[in-house]
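Breakdown of the fold
Chain by chain, the residues run as shown.
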Amino acid sequence: MGLHGVKAVFFDLDNTLVDTAAAGRRAIEEVISALQSKHHYGEGEARAICDKVQAKLLKECHDPAKMCITDLRISHWEEAIQETMGGEANRDLAAECYYLWKETRLQHLTLPEDTRGMLTELRKRVRLLLLTNGDRQTQREKIEACSCQPYFDAIVVGGEQKEEKPAPSIFHYCCDLLGVQPAECVMVGDSLDTDIQGGLNAGLKATVWLNKTMTTPVDTSPVPHYIISSVLDLPAVLQKMEHKINAKLETDHMASSNE
């Protein structure tokens, strides 16, 4: 049971374990189709509205104490429709677009079969934790939609904590939950800014950056310990770490024997 020196692996959710970006694209196409067929918008108008919504989502600042995420996101659609089409605000159409987008995205969020298998095998050796940033309601709905709860010993959502990744506090909270030390944990994620920087900030044993394109930016910063192109490559990385640790233990043992 366990790997030398590694007792827990933390996984990011969006675009690491599940392809949220692809699910989002499917959802946008569904809304464009509905705006054209049901509401007789031109394709250009429908796409312009969706482009504006996506831009608003990227810049979104959400304070759950002031407004629930549903109201905020319906407002994104309402503003985008008005900015594109002019005229009166159409809250009903905005709500219809939002719910269609949300439900379609959730329907297409799946934890792939091979990823499930990898997590099942890995969990026989180390403890697994899901660590995701984002609004509590949104992330819990995604977790429910892709049925990933059975594969983890604990699930931590940034929106439920005082601070999100890359703050060290949320990583240390995860360590406490599992009863492990930061130096016994590995963070796996697709974001250099939150997953990798956060793992480094918290003093974790290693950070593993999921870079699906494998086109490394000229100045990769922060620098991850390992880079993989698929989350399925993780067991091989952990094995590599194991070999390094074993080799070091052997060297240390020989050195102490020679003294």
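Quick caveat: nothing in here was measured; it's all calculated off a predicted structure.

1. So, the side chain of Ser191
Assignment of secondary structure puts Ser191 in the loop between strand 4 (185–189) and helix 8 (192–201). Under the relative-accessibility criterion, Ser191 is labelled buried at 19%. Within polar-contact distance, the side chain of Ser191 engages the backbone nitrogen of Asp193 at 3.3 Å. Side chain to side chain, Ser191 and Thr194 meet in a polar contact 2.9 Å long. Residues within four places of Ser191 in sequence aside, it is in contact with Ile196 and Trp209.

2. Looking at unusual backbone geometry
Excluding glycine, a negative phi dihedral is what most residues carry, and trans is how most peptide bonds are arranged. Cis geometry is adopted by the peptide bond preceding Pro166, which originates at Lys165 and carries an omega value of 15 degrees. Not every positive phi belongs to a glycine, and His40 is a case in point at roughly 60 degrees. Mapped onto the secondary structure, His40 falls in the loop between helix 1 (20–37) and helix 2 (43–58). Residue class for His40 comes out exposed when judged on its relative accessible area of 66%. With a phi angle near 50 degrees, Ser147 is a residue other than glycine that sits in the positive phi range.

3. What about the packing of aromatic side chains?
This model, assessed by the stated rule, comprises 3 aromatic pairs. Within the aromatic cluster, the residues linked to one another by ring pairs are Tyr98, Tyr99 and Trp101.

4. Side note on the domain arrangement of the chain
The assigned domain composition of the chain is domain 1 (8–19 + 111–257) and domain 2 (21–108). With centres defined by C-alpha atoms, the gap from domain 1 to domain 2 works out at 32 Å. Domain 1 puts 8 residues into the contact, and the matching count from domain 2 is 10 residues. Of the roughly 760 Å² buried between domain 1 and domain 2, counting both surfaces, carbon and sulfur atoms make up 46%.

5. Some points on the sheet that holds strand 5 (residues 206–210)
Through backbone hydrogen bonds, the strands of a sheet pair up, either in parallel or in antiparallel fashion. Spatially, the 6 strands line up as an open sheet ordered 3-2-1-4-5-6, and their pairing is parallel. A strand with exactly one partner marks an edge of an open sheet, and here the two such strands are strand 3 (154–157) and strand 6 (226–228). Adjacent strand axes in the sheet meet at a mean angle of 20 degrees, parallel and antiparallel pairs treated alike. Across 4 bridges, the pairing between strand 4 and strand 5 is parallel. Looking across to strand 5, one finds that Val186 is bridged to Ala206. This element, helix 6 (residues 136–145), spans strand 2 (127–132) and strand 3 of the sheet and lies at about 145 degrees to strand 3.

6. Some remarks on the pairing of strand 1 (residues 8–11)
Where burial is concerned, the two faces of strand 1 agree: the one with Ala8 and Phe10 and the one with Val9 and Phe11 are both buried. Where strand 1 meets strand 2, 4 bridges bridge the pair, whose relative direction is parallel. Bridging from a neighbouring strand, Ala8 pairs with Arg127 of strand 2. The pairing of strand 1 with strand 4 spans 4 bridges and is parallel. Following the sheet pairing, Ala8 is matched in strand 4 by Cys185.

7. Side note on the nonpolar core
Ranked by size, the top nonpolar core spans 35 residues in total, and within it Val9, Phe11, Leu130, Phe152, Val186 and Leu234 carry the most contacts. At the level of secondary structure, the elements contributing two or more residues to this core comprise strand 1, helix 5 (113–122), strand 2, strand 3, strand 4, strand 5, strand 6 and helix 9 (234–258). At 4 residues, the largest contribution of residues to this core is made by helix 9. With 20 residues, the next largest nonpolar core counts Leu35, Ile49, Ile74 and Ala80 among its residues.

8. Description of the environment of Arg136
Counting through the fold element by element, Arg136 comes out in helix 6. Spatially, the C-alpha atoms of Arg136 and Val157 are 6.4 Å apart, while their sequence positions differ by 21 residues. With near-sequence residues (within four places) excluded, Arg136 lies in contact with Val157, Gly159 and Glu160.

9. Digging into the packing of helix 4 (residues 91–107) against helix 6
Between helix 4 and helix 6, the least distance of the axes is 9 Å, while the angle of their chain directions is 40 degrees. Compared by their axis directions, helix 4 and helix 6 come out oblique. Of the residues in helix 6, those touching helix 4 at Lys102, Arg105 and Leu106 are Gln137, Thr138, Glu141, Lys142 and Ala145. Of the residues contributing to the contact of helix 4 with helix 6, the split by class is 2 nonpolar, 2 polar and 4 charged.

Criteria and cut-off values
Residues numbered from 1 in each chain as written. Predicted model: local features only at pLDDT ≥ 70, side-chain atom pairs only at ≥ 80, totals over all residues. Heavy atoms only, no water. Helix = DSSP H or I, 4+ residues; strand = E, 2+ residues; numbered from the N terminus. Buried < 20%, exposed > 50% of the residue type's maximum accessible area, 1.4 Å probe, protein only. Polar contact = N/O pair within 3.5 Å; in protein donor to acceptor, adjacent residues only side chain to side chain. Contact = heavy atoms within 4.5 Å. Phe/Tyr/Trp six-rings, centres within 6.5 Å; stacked < 30°, edge-to-face > 60°. Domains from an automatic or database assignment. Buried area = accessible area lost by both parts, 1.4 Å probe. Pairing = 2+ DSSP bridges. Axes fitted to C-alpha atoms, helices over the stretch in contact; angles between N-to-C directions. Core = buried A, V, L, I, M, F, W, Y, C linked by side-chain atoms within 4.5 Å. Parallel < 35°, antiparallel > 145°, perpendicular 65-115°, else oblique. Nonpolar A, V, L, I, M, F, W, Y, C, P; charged D, E, K, R; others polar.

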